[in-house]
Amino acid sequence: MPQPVRFSPSVEQPQPDEADTVAGLKEQFQKILDTTSEDYQHAVRSVHAKGHGLARGTFTIADELPLELAQGMFATPGSHEAILRFSTNAGDILDDSIRLPRGVALKVLGVEGERLPGSEGDTTQDFVMVNAPAFAAPDAKKFLGNLRLLAGTTDKAEGAKKLLSAVLRSFEATIEAVGGKSALLSSLGGARPVHPLGATYYSQTPYRYGDHIAKFQLVPVSGIQDFADATINATGRPDAMREAVNELLAEQGGTWELRVQLCTDLEKMPVEDASVAWDEDESPYRTVATLRVEPQAGWVYGESEKIEDRLSFAPWHGLAAHQPLGGVNRARQEPYKFSADYRGRFNGCPMHEPRALDELNVKA
């Protein structure tokens, strides 16, 4: 295999107007948050607002990884408590018949080491992923443009969104039939309605991986992988995803592998263009850890909502050895914190970085 590229601050190329783009992202986040908080009288996330399931598990870092993979938190074998959150990407809570990309956020507990700015004193490592290998925008400016589209449709008539979703899905299905895919059509409502537990998830954007640079992937490897091609008919079932996650998690739980794809060529695997999927023939994803979730309820009404209010997930919450890289990641740092702080203030429930999963238990 080609040798992995060594990390250096020079792999990033910040643009002089990034502060303006970040300010624009925060403005759109606030627009979404103000609208949905007034509607629900409760603050929800500005992106990935609707959770489909929460799952507690054990995250085990593999023994005897080769040196290029034994980096950062993966340099120390062992097991950690972890929690998964499955979601859909919109900033409002929509009927599941509106076909949007799936997301998963993974929080690993008990991770020691030098921290990224803003997460000092904590011991968690977050991984934020979506079920597509590349981001819907190449850079922060295009990300802002896409977010304006989403913000502009927040709180619009849900019936119209259902009709639009059906039309966009037909367009996207046509593209997929000839081997293509439109990230923009998917993000606006044309995504394939896949089962959240059967999907494969990607970090999409690159991260520092100790001495190297990598992208992350979360892949189901137990019986739930049989649902990789399963779709869910949500017609007349506004919470069909929660129902499907609950049923499958309670029946068999699940096992996933966390894999990394090392950057071996900065031209073919760019850091600053998040819309480029790195070629897996050039550098395959390789397993570094396993996440096991025992059979359990994925969503308990009256409890899961309270746990959701206490938690936030963000690319910049973790170790310095896994620093998010590239313009999209740099632009996400402040807006994600802004969104979490907004929810904490509005709901009177500050975000909570747990040191043990028991801290998340809802008291009667």
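These figures come from a predicted structure and were not determined experimentally.

Side note on the overall build of the protein chain
Then comes step 1: Tallying secondary structure elements over the protein chain gives 7 helices and 9 strands in all.
Then comes step 2: Across the protein chain, every contact between residues at least 6 apart in sequence was considered, and the portion connecting residues at least 24 apart equals 79%.

What about helix 7 (residues 327–347)?
Residues separated by three or four positions in an α-helix point in the same direction, a consequence of the helix having 3.6 residues per turn.
Then comes step 1: Compared with the 30 Å implied by 1.5 Å per residue over 21 residues, the 31 Å span of helix 7 between its first and last C-alpha is a close match.
Then comes step 2: At Q333, helix 7 is deflected by roughly 35°, the largest bend along its length, and proline P335 occurs up to four residues later in sequence.
Then comes step 3: In terms of residue burial, helix 7 counts as a mostly covered element, since 15 of its 21 residues are buried.
Then comes step 4: After helix 7 finishes, the residue G348 shows a positive phi value of roughly 65°.

What to know about the confidence of the model for the protein chain
Then comes step 1: Per-residue pLDDT for the protein chain has a mean of 89; in total, 90% of the residues score no lower than 70.
Then comes step 2: Confidence over residues 157–190 falls short of pLDDT 50; this stretch has 63 contacts with residues more than four positions distant or in other chains.

Some words on the packing of aromatic side chains
Then comes step 1: Taken as a whole and assessed by the stated rule, the structure comprises 15 aromatic pairs.
Then comes step 2: Ring-pair connections join several aromatic residues into one group, and the members of that group are F59, F74, F127, Y207, Y209 and F216.
Then comes step 3: Over the aromatic face of F313 sits the side chain of K107, whose NZ or CZ is 4.8 Å from the ring centroid.
Then comes step 4: Sitting above the plane of the W299 ring, R242 keeps its charged end 3.9 Å from the centroid.

A look at the packing of helix 1 (residues 18–40) against helix 7
Then comes step 1: Closest axis-to-axis distance for the helix 1/helix 7 pair is 9 Å, and the angle between their directions is 30°. Overall, the two elements helix 1 and helix 7 adopt an arrangement that is roughly parallel. With respect to the hand of their crossing, helix 1 and helix 7 are arranged in right-handed fashion. Where helix 1 abuts helix 7, its residues E18, V22, L25, K26, F29, Q30, L33, D34 and S37 lie against G327, R330, A331, E334, P335, Y336, F338, S339, Y342 and F346.
Then comes step 2: A breakdown of the residues in the contact of helix 1 with helix 7 according to their chemical character gives 10 nonpolar, 4 polar and 5 charged.

Describing the packing of helix 1 against helix 2 (residues 140–153)
Each pair of packed helices can be summarised by the angle the axes make with each other and by the distance between the axes.
Then comes step 1: One way to put it is that helix 1 packs onto helix 2 with a least axis distance of 10 Å and a crossing angle of 15°. In terms of orientation, helix 1 lies roughly parallel with respect to helix 2. When the axes of helix 1 and helix 2 are compared, the crossing they make is left-handed. Contact with helix 1, carried on its side by T21, G24, L25, Q28, F29, K31 and I32, involves A140, K141, F143, L144, L147, R148, A151 and G152 of helix 2 and no other residues of that element.
Then comes step 2: Tallied by class, residues from the contact of helix 1 with helix 2 come to 8 nonpolar, 4 polar and 3 charged.

A short note on unusual backbone geometry
Then comes step 1: The backbone of H48 shows a phi angle near 55°, a positive value even though the residue is not glycine.
Then comes step 2: By the secondary structure assignment, H48 is in the loop between helix 1 and strand 1 (50–61).
Then comes step 3: A relative accessible area of 15% places H48 in the buried class.
Then comes step 4: Unlike most non-glycine residues, Q204 shows phi in positive territory, near 70°.
Then comes step 5: Examined against the element boundaries, Q204 turns out to sit in the loop between strand 5 (201–202) and strand 6 (207–209).

A few points about the pattern of salt bridges
Then comes step 1: This structure, assessed with the given rule, holds 16 salt bridges.
Then comes step 2: Notably, a salt bridge pairs R330 with E12, separated by 2.8 Å at the nearest N-O pair. With R330 in helix 7 and E12 in the segment before helix 1, the pair connects residues that are 318 residues apart, well separated along the chain. Side by side, R330 and E12 carry an identical accessibility label, which is buried.
Then comes step 3: Residue K337 pairs with D341 through a salt bridge whose shortest N-O separation is 2.7 Å. On the criterion of helical spacing, the pair formed by K337 and D341 is a turn pair, its members being 4 residues apart in helix 7.
Then comes step 4: It is possible to trace a salt-bridge network through shared partners that takes in E12, E18, E272 and R330.

A word on helix 5 (residues 240–252)
Then comes step 1: For helix 5, spanning 13 residues, the distance from its first C-alpha to its last is 19 Å, which sits close to the expected 18 Å at 1.5 Å a residue.
Then comes step 2: All of the buried residues in helix 5 are A240, M241, R242, A244, V245, L248 and L249.
Then comes step 3: Residues of helix 5 that are buried sit in contact with strand 1, strand 3 (102–109) and strand 9 (286–293).
Then comes step 4: Looking one or two residues beyond helix 5, the residue adopting positive phi is G253, at roughly 65°.

Some details on the pairing of strand 1
Then comes step 1: Counting buried positions over the 12 residues of strand 1 gives 9, a clear majority of the element.
Then comes step 2: Looking at chain direction, strand 1 and strand 2 (residues 78–88) are connected through 11 bridges and run antiparallel. Across the sheet, K50 pairs through a bridge with T88, a residue of strand 2.

Here's the deal with the side chain of R45
Then comes step 1: Within the element layout of this structure, R45 appears in the loop between helix 1 and strand 1.
Then comes step 2: The buried charged residue R45 lacks any salt bridge partner; its closest oppositely charged side chain belongs to E308, at an N-O distance of 4.1 Å.
Then comes step 3: Among the polar contacts made by the side chain of R45, one reaches the main-chain carbonyl oxygen of E308 at a distance of 3.4 Å.
Then comes step 4: Those residues in contact with R45, other than ones at most four positions away along the chain, are L33, R85, G91, E308, L311, S312, F313, S339 and R343.

Rules used throughout
Residues numbered from 1 in each chain as written. Predicted model: local features only at pLDDT ≥ 70, side-chain atom pairs only at ≥ 80, totals over all residues. Heavy atoms only, no water. Helix = DSSP H or I, 4+ residues; strand = E, 2+ residues; numbered from the N terminus. Contact = heavy atoms within 4.5 Å. Expected span 1.5 Å × (residues − 1). Bend = angle between axes of the 7 residues up to and from the residue. Buried < 20%, exposed > 50% of the residue type's maximum accessible area, 1.4 Å probe, protein only. pLDDT = per-residue confidence, 0-100. Phe/Tyr/Trp six-rings, centres within 6.5 Å; stacked < 30°, edge-to-face > 60°. Lys NZ or Arg CZ within 6 Å of the ring centre and 35° of its normal. Axes fitted to C-alpha atoms, helices over the stretch in contact; angles between N-to-C directions. Parallel < 35°, antiparallel > 145°, perpendicular 65-115°, else oblique. Left-handed = near helix turned anticlockwise from the far one by under 90°. Nonpolar A, V, L, I, M, F, W, Y, C, P; charged D, E, K, R; others polar. Salt bridge = Lys/Arg side-chain N within 4 Å of Asp/Glu carboxyl O. Pairing = 2+ DSSP bridges. Lys, Arg positive; Asp, Glu negative; His and termini not counted. Polar contact = N/O pair within 3.5 Å; in protein donor to acceptor, adjacent residues only side chain to side chain.

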